[in-house]
Amino acid sequence: CGKNILWLGFSEITCMLSLYFCASKRFAACSGPTSWASSCKYFLSAKVFVLTSLYEGLGNVFIDAVNNEVPSIYTNCKSGPNEILLNKKGAYQIKLKDYEDLSKKLKQCIQKYSKSRIMIKNAKKKIHRFYYKSTCPKYLDYLEKINLA
């Protein structure tokens, strides 16, 4: 079938999904966890990016996914991804710890790939809000106002 999955990081849900996909023989290979530091090169060939975080801060990996126009699936954790991915308008959102929802959204993302690409491109139109060149001056201005700079 020639399809590959590369799992980056390690969690309970990625273990379950790895076992499922490898056992079903629907994918030719499943790679084990690797570091996020080496993940950037994978965005260039990725078809879908999935992050099943229980919590995210800024979510730099989503900024990378958006910049590389990789359709994404993310959990509804309280911060980070929602703002970057335009509250479900830029990517598919799943419930925390819900592998059935993940399976459903992954299938939807792949079957409606044109729509998925449009969603991530919409997110890219607004990703400049998170670039350091546009955010750093705002922080410096704030620090000057409160006399910390």
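These numbers come from a predicted model, not from an experiment.

Novice: I tried to follow the nonpolar core on my own but got confused; where do I start?
Specialist: If you look at soluble globular proteins, the nonpolar side chains tend to sit buried side by side. By size, the foremost hydrophobic cluster in this structure holds 18 residues, and its most contacted members are F49, F62, V66, I84, L85 and I127. Considering every element that reaches this core, the biggest residue donor is helix α3 (residues 60–67), with five residues. Core analysis: the next-biggest nonpolar cluster, separate from the first, contains seven residues, I73, I94, L102 and L106 among them.

Novice: Whenever I open this one, the packing of helix α5 (residues 99–111) against helix α6 (residues 113–125) confuses me. Can you help?
Specialist: For any two helices packed against each other, the geometry is given by the interaxial angle and the distance between the axes. Viewed as axis vectors pointing N to C, α5 and α6 meet at an angle of 95 degrees, and their least axial separation amounts to 5 Å. Judged by the inter-axis angle, α5 sits roughly perpendicular to α6. Of the residues in α6, those in contact with Q108, C109, I110 and Q111 of α5 are Y113, K115 and S116. When its residues are assigned to classes, the contact of α5 with α6 shows three nonpolar, three polar and one charged.

Novice: Is there a simple way to explain the sheet that holds strand β3 (residues 49–51) in this structure?
Specialist: Backbone-to-backbone hydrogen bonds join strands into a sheet, with any given pair of strands oriented parallel or antiparallel. The strand order β3-β4-β5 describes an open sheet built from three strands, whose pairing is parallel. Since the sheet does not close on itself, it has two edges, and those belong to β3 and β5 (92–94), each with one partner. Taken over all neighbouring pairs, the strand axes of this sheet differ in orientation by 20 degrees on average, direction set aside. Alignment of β3 against strand β4 (residues 72–75), held across three bridges, turns out to be parallel. Across the sheet, L51 pairs through a bridge with Y74, a residue of β4. Along the sheet, α5 contacts β3, β4 and β5; its crossing angle with β5, the most-contacted strand, is approximately 170 degrees.

Novice: When you look at the pairing of β4 in this model, what are you seeing that I'm missing?
Specialist: Taken residue by residue, a regular strand's side chains alternate between the two faces of the sheet. Neither face of β4 is open: one carries S72 and Y74, the other I73 and T75, and all of them are buried. Each parallel crossover has a hand, and for β3 linked through α3 to β4 it is right-handed. Pairing geometry for β4 and β5, over three bridges, is parallel. For T75, the partnering residue across the bridge sits in β5 and is I94.

Novice: Can you walk me through the packing of α3 against α6 in this structure?
Specialist: Between α3 and α6, whose axes approach to 8 Å, the crossing angle comes to 110 degrees. Judged by the angle between their axes, α3 and α6 are roughly perpendicular. Packed against α3, whose contacting residues are A65, V66 and N67, the element α6 presents I120, A123 and K124 at the interface. Residue composition of the contact of α3 with α6, by class: four nonpolar, one polar and one charged.

Novice: Any chance you could explain the environment of D101 here in plain terms?
Specialist: In this fold, D101 is placed in helix α5. With sequence-adjacent residues up to four places away left out, D101 is seen in contact with Q93, I94 and K95.

Novice: Is there a simple way to explain helix α7 (residues 132–145) in this structure?
Specialist: Think of an α-helix as 3.6 residues a turn; residues three or four steps apart then line up on the same face. For α7, which comprises 14 residues, the first-to-last C-alpha distance of 20 Å matches the rise-based estimate of 20 Å (1.5 Å per residue) to within 8%. Burial analysis of α7 places just one of its 14 residues in the buried class, a small minority of the element. Once α7 finishes, N147 follows within two positions and takes phi at roughly 60 degrees, a positive value.

Rules used throughout
Residues numbered from 1 in each chain as written. Predicted model: local features only at pLDDT ≥ 70, side-chain atom pairs only at ≥ 80, totals over all residues. Heavy atoms only, no water. Core = buried A, V, L, I, M, F, W, Y, C linked by side-chain atoms within 4.5 Å. Buried < 20%, exposed > 50% of the residue type's maximum accessible area, 1.4 Å probe, protein only. Helix = DSSP H or I, 4+ residues; strand = E, 2+ residues; numbered from the N terminus. Axes fitted to C-alpha atoms, helices over the stretch in contact; angles between N-to-C directions. Parallel < 35°, antiparallel > 145°, perpendicular 65-115°, else oblique. Contact = heavy atoms within 4.5 Å. Nonpolar A, V, L, I, M, F, W, Y, C, P; charged D, E, K, R; others polar. Pairing = 2+ DSSP bridges. Right-handed = clockwise from strand over helix to strand, strands pointing away. Expected span 1.5 Å × (residues − 1).

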